[in-house]
Amino acid sequence: MGIGELDREAHVPEVTGAAAAPRTLAEALRARGDEGLAALLRARPDLLSPVPNDLTQLATRAGTRGSVVRALERLDRFALQTAEALAVAQDPAPYPVLLGLLTGDEGDAEIEAALPGAVALLREQALVWGEDDRLRLVRTARELLAPSAQHPSPTGLGPTVAEATSGMSPGRVQEIIAAAGLPTTHDPVSAVAALTGLFTDRDRMGALLDTASPDALSVLDRLVWGPPYGEVTAKPAAPVQWLRDHGLLLPVSPRTMVLPREVALHLRGGRAHRAPEPVAPEPGVLREYRPQVVDSAAAGQAQLALATVEELLKSWDRGGPQVLRAGGLSVRDLKRTAAALDVSEETAAFWLELCYGAGLLASDGEADERYAPTPVYDDWLDLPPAERWALLVTPWLTATRTSGLVGGQDTKGRTLSVLGPDLDRSPAPEVRHRVLGLLATLPPGSSAEPESLFARLRWERPLRGASAAEEGGDLRSRLARWALAEAELLGLTGRGALSGPARALLNLPLAEAASAGALGGGVELSVAAGRAATLLAPLLPEAVDHVLLQADLTAVAPGPLRRPLADALAVLADVESKGGATVYRFTPGSVRRALDSGQTATDLHEFLKAHARTPVPQPLAYLIDDVARRHGHLRVGAASAYVRCDDDTVLGEILADRRSSSLGLRRLAPTVLAAQTDPGSLLDGLRSMGYAPAAESTTGDVLVTRADAYRTGARTAPVPVPDGPPAPDTTLLGAAVKAIRAGDRAATAVRKEPAAAPAAAGALPRTSAAETLATVQAAAMTGSAVWIGYVNAEGGASQRVIAPVRVEGGFVTAYDHTADEVRTYPLHRITGVAELADDQV
């Protein structure tokens, strides 16, 4: 829409009160106060990029298709229904007409109470302008929402009589009005007006329908709520023919008929919508628990979340699976991860994406690219449990990557893989926060009925779900369903109810549920996360420094272990079961792993005595001594690979064992075997045969391996994909409003045009260099303001009102009323200058 079109959008001669009614959207914006402009820019931040030069440019930008679509997508259902009703009403529409389209003939107290707020919201967002007696929907919004054959309206209404008969022959129009009992007219325009008058007159329309047969009325009933189009045969049935003859159905093609809008509104009792929804549905309560029970359950889930993340990343300490060529993790590796964590593949995908989003996991960037923990993971492990939890939930709240999409397909039919591309969904952070915010509106300790929660979300953003519909339902409902499940996994909710730490994270009161506003409520998210961690810390079980050893080669940790003990025990034993108490099992392989890390049998015995509350069982002591005695008896090094042992009989046993055939062994010396495989495969092969070989360096020393030896390089966490422009802060809004006001004053200031060469409307002034210099010098001496045209270094042209202070060296220093500051302008970039009219000085 151009500026000229915008300025012609309305011509209203009436005067309301002391001020004339606005004729254009620009004039309506000009009549707003600074707070009103700030509210518009806050609600539609895309209008700020870049800051408009003046209010006319702001109005033009507010009427562009992309901006209007974004604004409509953020309307709640009733505000959208109000806009849809205006789209099918006359233009302009008085407020009573709009009210009648929403309430119908019977009226509705709830709609009457809610409509002023909906109109105010549409006005605030510059989608509607004009006084109550002449409400106008901006042209682009009307084009988007008005019914058409290509884009049916959600109201289910069709075209008006005038629109439907626009291509009809005058003779056919005269036949229709004659069949309807109306006098013929001399032209089609008056005939259409007569037919429209009949259909909008309730008494005459009722009398006409009384003459219709039940079958004809049944046809109308099928079309009345939409879609209003229907196909007919070359020889329609008698009821359809009667409706066609009387204009109650109008042809839009040889085989298609349409129910005119005026007829449908009469049959609907004046309603534009079948079910207006002026009041947002409230989330229902599913179950109620004591808040202490909820907090305890949430704390248990938070502890489990920390343990799961730690177990996942610890299993990838020596390098995780390979990265697919297209990015992401293979289906096979995802299944292995799920089996290792004893969770479903969907849950495993969530934990992987959570670690990736928190910066704890990344690809190493090598030629043979693999996933591995990052250096941030080591710093994370050193933090207290509550702080580690906060560093997991904070990025989850703002992440746009959505693990629930894993396993689905993109627009090109390719399968979406975990940690791969195309998993970003920009509405995800808003939906997550809104779900938690709605839970906060329930009484403390109450869980929500999911379907009522989803209904509320659909009411708040009806177009967002519809425009982003994907397989399995609209995207916002799916995001909400995933958010509920993920919040439970993270311990933000307990038994489906919002926990106390989660309220702190959202900056909500802890004693009662306040209305859920913007995330953080003006408080930095990191500060809110610190408060949440402080509240969670007392709820988590204290870390213990001991284990209980049992005779069946297991150890029971009666709670979460302190960091040094947990790391050491994870090397010495394998986790057998998890829960409130973790059970570790000692095996020959786990003991050998501890010996490979550089410890001796004596070190292991001392470690167990120091940290066990029970005596070391004899079977465990024997296991350690037995593995230690055999550990390192064989040495494996790199030739391609070799095995050496001081006892040549052991080497003879290995050669004689059929299981060693795949290793390609041959004797080089009485104590040395050569292999046709790499040292790592040789180590694994000998261990599978029951031996306990040790790797050695080129100097013959035993190689010590550490579980945390492999980390990626420094990696940054993935950046969320923004859902449109960021919301402007108060400082930016104030500066933008000030700049727009100043630019508008410059653009609308009355100028004295030079008599010799008057400027065209809206064009920059054009004067010679000598005239420009003389005018600005005179203005500097008299202290008056002038109007200039200016072209910056990038070639951008603008109009400005300046008060010159000093002119020297080819530059003019002046107070710029447009920018509200003192600036210096090169004279050669000033296209021309004109004095302001006397009443503008």
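The structure we're discussing is the one just above.
Just so it is clear, the structure is predicted and the values come from calculations on it, not from any experiment.

1. Quick look at the overall build of the chain
Thought 1: Looking only at helices and strands, the chain features 35 helices and 28 strands.
Thought 2: The C-alpha atoms of the chain give 38 Å as radius of gyration, which overshoots the globular expectation for 841 residues (28 Å, by more than 25%).
Thought 3: Burial status across the chain gives 48% buried among its 841 residues.
Thought 4: When contacts within the chain are restricted to residue pairs at least 6 apart in sequence, those whose partners lie at least 24 apart make up 65%.
Thought 5: When the accessible surface of the chain is split by element, carbon and sulfur atoms take 54% of a total near 39,300 Å².

2. What about the packing of aromatic side chains?
Thought 1: All chains considered together, the criterion is met by four aromatic pairs.
Thought 2: Centroid distance Y790 to Y825: 4.9 Å. Interplanar angle 75°. Geometry classified as edge-to-face. Highlighted residues: Y790 in strand 24 (residues 786-791) and Y825 in strand 27 (residues 821-826), separated in sequence by 35 residues.
Thought 3: Judged by relative accessible area, which is 3%, Y825 ranks as buried.
Thought 4: The ring of W380 carries the charged tip of R388 above its face, separated from the ring centre by 5.3 Å.

3. Examining the sheet that holds strand 6 (residues 250-253)
Thought 1: On the basis of which strands lie adjacent, the open sheet formed by three strands has the order 5-7-6 and antiparallel pairing. Each edge of the open sheet is held by one strand with a lone partner, namely strand 5 (229-231) and strand 6. Across the sheet, the mean angle separating the axes of adjacent strands is 40° when strand polarity is ignored.
Thought 2: Bridge analysis of strand 6 against strand 7 (residues 256-258) gives three bridges, and the strand direction is antiparallel. Among the inter-strand pairings, S253 is bridged to a residue of strand 7, identified as T256.

4. Topic: the sheet that holds strand 19 (residues 641-644)
Through backbone hydrogen bonds, the strands of a sheet pair up, either in parallel or in antiparallel fashion.
Thought 1: One open sheet holds the five strands; their spatial order is 20-21-19-18-22, and the pairing between them is mixed. Only two strands of the sheet have a single partner each, and these edge strands are strand 20 (666-669) and strand 22 (694-695).
Thought 2: The pairing of strand 20 with strand 21 (residues 672-675) spans three bridges and is antiparallel. The residue bridging R667 from the neighbouring strand is L673, located in strand 21.
Thought 3: Each of strand 19, strand 20 and strand 21 touches helix 32 (residues 648-656); the most contacted strand, strand 20, lies at about 160° to it.

5. As for the nonpolar core
Thought 1: Core analysis: the biggest nonpolar cluster contains 90 residues, and L29, L41, L58 and F199 have the highest contact counts within it.
Thought 2: Considering every element that reaches this core, the biggest residue donor is helix 6 (residues 77-88), with eight residues.
Thought 3: Those residues in contact with L41 that sit more than four places away from it in its chain are L47, L48, L58, P728, L733, A736, V737 and I740.
Thought 4: One finds A487, L505, L506 and A529 within the second-largest nonpolar core, a separate group that totals 70 residues.

6. A short note on the pattern of salt bridges
Thought 1: Overall, the coordinates contain 37 salt bridges when judged by the stated rule.
Thought 2: Here D596 and R687 are joined by a salt bridge, their closest N and O atoms 2.9 Å apart. With D596 in helix 29 (residues 588-596) and R687 in helix 33 (residues 679-688), the pair connects residues that are 91 residues apart, well separated along the chain.
Thought 3: Looking at D596, the relative accessible area reads 13%, which means it is buried.
Thought 4: Connected through salt bridges with shared partners, the residues R74, E430, R461 and R476 form a single ionic network.

7. Topic: the environment of G810
Thought 1: Looking at where G810 falls in the secondary structure, it is placed in the loop between strand 25 (797-808) and strand 26 (811-816).
Thought 2: As a C-alpha pair, G810 and L827 span 17 residues in sequence and 5.6 Å in three-dimensional space.
Thought 3: Beyond its immediate sequence surroundings of up to four residues, G810 is in contact with Y825, P826 and L827.

8. Re the packing of helix 6 against helix 8 (residues 109-124)
Packed helices, taken two at a time, are described by their axes: the angle between them and the distance between them.
Thought 1: At a minimum axis separation of 9 Å, helix 6 and helix 8 run at an interaxial angle of 80°. In terms of axis orientation, helix 6 runs roughly perpendicular to helix 8. In this structure, helix 6 contributes F78, A79, T82 and A83 to the contact, and helix 8 contributes I111, A114, L115, A118, V119, L121 and L122.
Thought 2: For the contact of helix 6 with helix 8, the residue count by class is 10 nonpolar, one polar and no charged.

9. Points about the side chain of R461
Thought 1: Looking at the secondary structure, you find R461 in the loop between helix 23 (450-460) and helix 24 (462-467).
Thought 2: The class for R461 is buried, based on a relative accessible area of 19%.
Thought 3: Filtering out sequence-adjacent residues up to four positions away, R461 remains in contact with E73, R74, L75, E430 and R476.

10. Looking at the pairing of strand 25
Thought 1: Bridge count between strand 24 and strand 25: six bridges; the pairing is antiparallel. Following the sheet pairing, V786 is matched in strand 25 by I802.
Thought 2: Here strand 25 folds back onto strand 26 in antiparallel fashion, the turn holding two residues, of which G809 has a positive phi close to 60°.

11. Concerning helix 7 (residues 95-103)
Thought 1: Among the residues making up helix 7, those that are buried are Y95, L98, L99, L101, L102 and T103.
Thought 2: Along its buried surface, helix 7 packs onto helix 6, helix 8 and helix 16 (261-267).
Thought 3: Just beyond helix 7, the residue with positive phi is G104, at close to 75°.

12. Looking at unusual backbone geometry
Thought 1: The step from S49 to P50 runs through a cis peptide bond, and the omega angle for that step is -5°.
Thought 2: Within the secondary structure, P50 sits in the loop between helix 3 (34-43) and helix 4 (55-62).
Thought 3: Residue P92 is bonded to the preceding D91 through a cis peptide linkage, with omega at 0°.
Thought 4: When you line up the elements, P92 lands in the loop between helix 6 and helix 7.
Thought 5: Phi is positive for D342, close to 60°, though the residue is something other than glycine.
Thought 6: Within the secondary structure layout, D342 lies in the loop between helix 18 (331-341) and helix 19 (345-357).
Thought 7: Overall, the relative accessible area of 69% leaves D342 in the exposed class.
Thought 8: With a phi close to 55°, R495 is a non-glycine residue in the positive phi region.

Reading guide: rules and limits
- Along each chain, residue indices are assigned from 1 in the same order as the chain's sequence is written.
- Reporting in this predicted model follows two pLDDT cut-offs: at least 70 for local features of residues, and 80 or more for side-chain atom pairs to be given and counted; totals over whole chains, interfaces and linings ignore these cut-offs and use all residues.
- Based on all heavy atoms of the structure, the side-chain values leave hydrogens and waters out of the count.
- Labels follow the DSSP assignment, with helices taken as runs of H or I lasting at least four residues and strands as runs of E lasting at least two, numbered in each case from the N terminus.
- In this treatment the radius of gyration is a C-alpha quantity, and the globule benchmark scales as 2.2 Å times the residue count to the 0.38 power.
- The classification of residues rests on relative accessible area computed with a 1.4 Å probe and restricted to protein chains. Under 20% of the type maximum is buried, over 50% is exposed, and intermediate values are partly exposed.
- Should any heavy atoms of two residues lie within 4.5 Å, those residues are counted as being in contact.
- Accessible surface is estimated by sampling points in the Shrake-Rupley manner with a 1.4 Å probe; for residues, cover comes only from the protein chains shown.
- Only Phe, Tyr and Trp rings are paired, with Trp represented by its six-membered ring, and only when their centres lie within 6.5 Å; those with planes under 30 degrees apart are stacked, over 60 edge-to-face, the remainder tilted.
- To sit over a ring, a charge needs its Lys NZ or Arg CZ within 6 Å of the ring centre and within 35 degrees of the ring normal.
- Here, strands pair whenever DSSP counts at least two bridges between them.
- Note on method: axes are straight lines fitted to C-alpha atoms, helices fitted across the in-contact stretch only, with angles between N-to-C directions ranging 0 to 180 degrees.
- Side-chain atoms within 4.5 Å are what join buried Ala, Val, Leu, Ile, Met, Phe, Trp, Tyr and Cys residues into a set we call a nonpolar core.
- In the sections that follow, a salt bridge refers to a side-chain nitrogen of Lys or Arg positioned within 4 Å of a carboxyl oxygen of Asp or Glu.
- Roughly parallel covers angles under 35 degrees, roughly antiparallel covers those over 145, roughly perpendicular covers 65 to 115, and oblique covers all other angles.
- Gly is placed with the polar residues, together with every amino acid not listed as nonpolar (Ala, Val, Leu, Ile, Met, Phe, Trp, Tyr, Cys and Pro) or charged (Asp, Glu, Lys and Arg).

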